[in-house]
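A look at the structure
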Amino acid sequence: MRTVKDVEAYLGRLNREFHEAEGQPGTFLVHTSGKTHIALRVDPPLVIVRVHIADVGKTNHSELFRRLLQLNAQGLIHASYGLDGDRVVLSSALELENLDFNEIEATLDEIDIALAQQVPELVKLLKQA
């Protein structure tokens, strides 16, 4: 079975900047090309990967939500957009037991691409509401 040390070794092999979140063993903050960090938490039996995209207020965001669902269906394989309270998040859950390097690499790469290509459009939709 894989452990936190295996996940940390995978992140090291990816040559990505990351650090363990202070006071939260098993939680890593993975740097992206922008200001955003990807939170990766090893919480057996899962590895949770999550990015906070934006906050939504109480106004009508039907176009934004429609676009999120379209992106989930057409543009994402390993991750998906969702709402956590008033926060739009991009997240993925991987099984720790048989996690391999390629799986974590594909998930992080997909999130990087979504941050670069999809999130700017989503931010515009938020501003229009």
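Quick notes on the rules
- All residue numbers here refer to positions counted from 1 along the written sequence of the relevant chain.
- This being a predicted model, a pLDDT of at least 70 is required before a residue's local features are given, and a value of 80 or more before pairs of side-chain atoms are given or counted; all residues contribute to the totals for chains, interfaces and linings.
- The basis for the side-chain values is all heavy atoms of the structure; hydrogens and waters are excluded.
- Each helix corresponds to a stretch of at least 4 residues labelled H or I by DSSP, and each strand to a stretch of at least 2 residues labelled E; elements are numbered beginning at the N terminus.
- Note on classification: 1.4 Å probe, protein chains only; a residue is buried when its accessible area is under 20% of the maximum for its type, exposed when over 50%, partly exposed between these limits.
- Salt bridge, as used here, is a side-chain nitrogen of Lys or Arg placed within 4 Å of a carboxyl oxygen of Asp or Glu.
- The pairing criterion is simple: DSSP has to find at least two bridges between the two strands.
- Each Phe, Tyr or Trp ring (for Trp, its six-membered ring) is paired with any other whose centre lies within 6.5 Å, and the angle between the two planes then decides the class: stacked below 30 degrees, edge-to-face above 60, tilted in between.
- Every residue pair with non-hydrogen atoms within 4.5 Å of one another is taken to be in contact.

Details of the overall build of the protein chain
- What the protein chain contains, in helices and strands, is 4 helices and 6 strands.
- From first element to last, N terminus to C terminus, the protein chain shows the α and β order α-β-β-β-β-α-β-β-α-α.
- Along the longest, intermediate and shortest principal axes, the C-alpha atoms of the protein chain span 45 × 30 × 25 Å.
- For the protein chain, with 129 residues in total, the buried portion stands at 36%.

Considerations on the pattern of salt bridges
- Scanning all chains against the criterion turns up 6 salt bridges.
- The salt bridge partner of Arg16 is Asp109, with a shortest N-O separation of 4.0 Å. Taken together, the residues span a long stretch of sequence, with Arg16 in the loop between helix H1 (4–13) and strand E1 (18–20) and Asp109 in helix H3 (residues 101–117) at a distance of 93 residues.
- Between Glu121 and Arg67 there is a salt bridge, with its nearest N and O atoms 2.7 Å apart. On the criterion of sequence distance, the pair formed by Glu121 in helix H4 (residues 119–128) and Arg67 in helix H2 (residues 62–74) is long-range, its members being 54 residues apart.

Quick notes on the pairing of strand E2 (residues 27–31)
- Bridge count for E1 against E2 is 3 bridges, and the pairing is antiparallel. Bridge pairing in E2 links Glu20 to Phe28.
- Following E1, the chain reverses through 6 residues before pairing antiparallel with E2; Gly23 in that reversal takes a positive phi of roughly 75°.
- Two strands pair when backbone bridges link them, and E2 and strand E3 (residues 37–43) are joined in this way by 5 bridges, in the antiparallel orientation. Counted as the bridge partner of Val30 is Ile38 from E3.

Here's the deal with the packing of aromatic side chains
- Inspection of the entire model under this criterion finds 2 aromatic pairs.
- Ring centres 6.1 Å apart and planes at 65° place the aromatic pair Tyr10 and Phe101 in the edge-to-face group. Of the two residues, Tyr10 is situated in helix H1 and Phe101 in helix H3; the sequence distance between them amounts to 91 residues. When sorted by exposure, Tyr10 lands in the same class as Phe101, which is buried.
- Plain terms: the ring middles of Phe18 and Phe28 are 5.8 Å apart, the flat faces sit at 75° to each other, and that makes the pair edge-to-face. In this pair, Phe18 is assigned in strand E1 and Phe28 in strand E2, connecting sequence segments 10 residues apart.

Let's talk about the pairing of strand E4 (residues 46–55)
- Sheet analysis places E3 next to E4, joined by 5 bridges and oriented antiparallel. Bridge pairing in E4 links Val42 to Val47.
- Linking two consecutive strands that pair antiparallel, namely E3 and E4, is a turn of 2 residues.
- In terms of strand pairing, E4 meets strand E6 (residues 87–95) through 9 bridges, oriented antiparallel. Following the sheet pairing, His52 is matched in E6 by Val89.

Digging into the side chain of His61
- Inspection of the secondary structure puts His61 in the loop between E4 and H2.
- Taking relative accessible area as the criterion, His61 reaches 6% and is therefore assigned buried.
- Dropping the residues within four chain positions of it, His61 is found in contact with Val56, Leu126 and Ala129.

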